[in-house]
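Notes for the structure review
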Amino acid sequence: METSKSVFPENFLWGGATAANQLEGGFQEGGKGLNLADVLPGGKIRKTLRTDPNFDYTIDKSTYTYPNHEGIDFYHRYKEDIALFAEMGFKTYRMSIMWSRIFPNGDELEPNEEGLKFYDDVLDELLKYNIEPVVTLSHYEMPLHLIKEYGGWRSREVITFFERYARTIFERYKDKVRYWLTFNEINSGLRIPMYGLGFNIVKEEDKYQPTFQAFHHQFLASAIAVKLGHEIIPNSQIGCMILYAPVYAFDCKPENVMFALEEKRLFNYFCGDVHVFGEYPRFINRYFQEHNIKLDIQDGDLEILKQGKVDFISLSYYMSRTEEINNKGKGEGNMISGVKNPYLQASDWGWEIDPIGLRISLNELYDRYRLPLFIVENGLGAYDEVEEDGSIQDDYRINYLREHIKAMGEAIQDGVEMIGYTSWGCIDLVSASTGEMSKRYGFIYVDKHDDGSGTLERKRKKSFYWYKDVIATNGEKL
Ligand code: BG6
């Protein structure tokens, strides 16, 4: 066991993070409508289908399994799970509200009371233990009706539906929730439009115009939500959420350095710039011209962006990426893309493990935006074994988290302002990219398997006790 002097602020928010669609289950309960996650099959086939232009968003149980339908049954077991979070000493819990529980089709005028009541109960349970909720409004689960009938965020009308949803949520939970995030990993729409933007790309060369028009709609929706949230909940803190992966040039060849810079600006900064500065960055003009993108920006839109600037930036961090100009976007080296970094090891899923990359990321973000940062996802997806005595010895996870928390501590000493840290999938849940249960992130093991079998029993892993100590000592004991 290593010890070091704590560098974390006194009220640092330690905790864990989940997303409604990956753990709740109850997919046809409480008046909920169908959403994107309900039609995504389990297993590696998900990776193919999510970019398949012919994917028809229907449920075909004769061919596929649908792990999100049951999730880990948080819908019925949230009290037990929150009690375990409290036992670890969580100061905060990042969760999301499922849009399709509140507005089952997305375009109704009135919300579904049963859905609202469910989150009242979950939030009350958290507050009972003094756990500060951090709520994401939209985490990869747009109501299916909006995808099928409106084409997802390509449609400007969806802004109105989102505004109604956000207003409903803010008014209902205004006394319970202070920290809010608008769209999960908003920049991921550049890679997987289905998840974040709610539509498929038919031909690669045709992707630019619809993708960026959809982003424009989402930026407006996010800004409207920020403004509304500030009006309805005066002490609220509302952030954007960026999937951040620092981009390294493969070597010092200037062409590679320039390419890495372009990738960094587009993927890491484009969305953040609009949220923080309330305007499009100048560098995007050239990109728009070169890809023949002409945004339909209506009167008043730019004003809305200005009025909805975020209070902080939240990020997920799993890996860095290394780019080389001739490799353009082929994604051979890492999950995100780029070439293999010879200095890094990768997880069983090919995600390159790079704690120093986290320190770099935090410094880059803080240097650019000068806003407090909140790490709302970080963790290691790994296979876990239950030993004969029932224990789970996940030292690999502890090592991963320890190194990343240390890197965050270094960044704080570099001068970066940090609000908190919520490790991803604090309880095992369904993987977003592959729909697997065997890709586990949790401190809490859930007896559920890829084939759908399992008792759903919860068990504390070795990392559970380790993280409890980390929190109790405010990061002094790592
Ligand atoms: C992030 C998402 O991309 O990474 C989460 O916000 C997701 O929803 C997490 O679960 C880890 O990815 P995966 O594919 O291992 O579940």
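Note that the structure is a prediction, hence the values are computed from the model and not measured.

It is worth spelling out the overall build of the protein at this point. Helix and strand counts for the protein come out as 15 helices and 12 strands. Relative to the compact-globule value of 23 Å for 478 residues, the protein shows a C-alpha radius of gyration of 21 Å, a close match. Overall, the C-alpha framework of the protein stretches about 60 × 55 × 50 Å when taken along its three principal axes. Per-residue burial for the protein yields a buried fraction of 62% across its 478 residues. A separation of at least 24 residues holds for 76% of the contacts in the protein among residues at least 6 apart in sequence. Counting 55 positive and 74 negative side-chain charges, the protein places the averaged centre of each group 2 Å from the other.

The full set close to the ligand counts 14 residues, and Gln22, Glu185, Glu377, Ser433 and Tyr441 are the nearest of them. At a separation of 3.4 Å, an oxygen atom of the ligand approaches a polar side-chain atom of tyrosine 318. Within the side chain of glutamate 377, a nitrogen or oxygen atom sits 2.7 Å from an oxygen atom of the ligand. Across the complex, the protein chains shield 95% of the 370 Å² of accessible surface that the ligand would expose by itself. Grouping the constituent residues of the shell around the ligand by class yields six nonpolar, five polar and three charged.

Taken together, the buried positions of helix H15 (residues 462–472) are Ser463, Phe464, Trp466, Tyr467, Val470 and Ile471. Mapping the buried residues of H15 onto a view down its axis gives an arc of 165°, with all of them on the same face. Elements in contact with the buried residues of H15: strand S1 (13–17), helix H3 (74–88), helix H14 (395–414), strand S10 (418–424), strand S11 (444–446) and strand S12 (458–460). Once H15 finishes, asparagine 474 follows within two positions and takes phi at roughly 50°, a positive value.

Right, let's talk about the side chain of threonine 211 for a bit. Looking at the element boundaries, threonine 211 is found in helix H9 (residues 208–232). Here threonine 211 falls in the buried class, since its relative accessible area comes to 5%. Dropping the residues within four chain positions of it, threonine 211 is found in contact with Gly189, Leu197, Phe199 and Ile201.

It is worth spelling out the pattern of salt bridges at this point. Tallied over the entire structure, the rule returns 35 salt bridges. Aspartate 73 is the salt-bridge partner of arginine 77, the closest N and O atoms lying 3.0 Å from each other. When its relative accessible area of 25% is taken as the criterion, arginine 77 is described as partly exposed. Here aspartate 414 makes a salt bridge to arginine 359, at a shortest N to O gap of 2.8 Å. One end of the pair, aspartate 414, is in helix H14; the other, arginine 359, is in helix H13 (residues 355–369), with 55 residues separating them in the sequence. Among the residues examined, aspartate 414 registers a relative accessible area of 36% and is labelled partly exposed. In the salt-bridge network here, residues are joined through shared partners; they are Asp384, Asp394, Arg397, Asp428, Arg440 and Lys461.

On the surface, a cluster of negative charge is contributed by Glu385, Glu387, Glu388 and Asp389. Structurally, glutamate 387 is set in the loop between strand S9 (373–377) and H14.

Another point: the packing of aromatic side chains. With the rule as written, the count across this model stands at 45 aromatic pairs. Plain terms: the ring middles of phenylalanine 170 and tryptophan 180 are 4.9 Å apart, the flat faces sit at 90° to each other, and that makes the pair edge-to-face. With phenylalanine 170 in helix H7 (residues 157–173) and tryptophan 180 in strand S4 (residues 179–183), this pair connects stretches of sequence that are 10 residues apart. The pair formed by phenylalanine 170 and tryptophan 180 is uniform in burial state, with each residue classed as buried.

Within the element layout of this structure, threonine 136 appears in strand S3 (residues 132–138). With relative accessibility at 0%, the residue threonine 136 sits in the buried group. Reaching out from threonine 136, the side chain makes a polar contact with the side chain of arginine 94 at a distance of 3.1 Å. Look past the residues within four positions of threonine 136 in its chain and what remains in contact with it is Arg94, Met95, Ser96, Ile97, Leu181, Thr182 and Asn184.

Cut-offs and rules
Residues numbered from 1 in each chain as written. Predicted model: local features only at pLDDT ≥ 70, side-chain atom pairs only at ≥ 80, totals over all residues. Heavy atoms only, no water. Helix = DSSP H or I, 4+ residues; strand = E, 2+ residues; numbered from the N terminus. Rg over C-alpha atoms; globule rule 2.2 N^0.38 Å. Buried < 20%, exposed > 50% of the residue type's maximum accessible area, 1.4 Å probe, protein only. Contact = heavy atoms within 4.5 Å. Lys, Arg positive; Asp, Glu negative; His and termini not counted. Charge placed at Lys NZ, Arg CZ, Asp CG, Glu CD. Near = heavy atom within 4 Å. Polar contact = N/O pair within 3.5 Å; in protein donor to acceptor, adjacent residues only side chain to side chain. Areas by Shrake-Rupley, 256 points an atom, 1.4 Å probe, with all protein chains shown as cover. Nonpolar A, V, L, I, M, F, W, Y, C, P; charged D, E, K, R; others polar. Arc of directions from axis to C-beta. Salt bridge = Lys/Arg side-chain N within 4 Å of Asp/Glu carboxyl O. Patch = residues over 30% accessible without salt bridge, like charges linked within 9 Å, V, L, I, M, F, W, Y side chains within 5 Å. Phe/Tyr/Trp six-rings, centres within 6.5 Å; stacked < 30°, edge-to-face > 60°.

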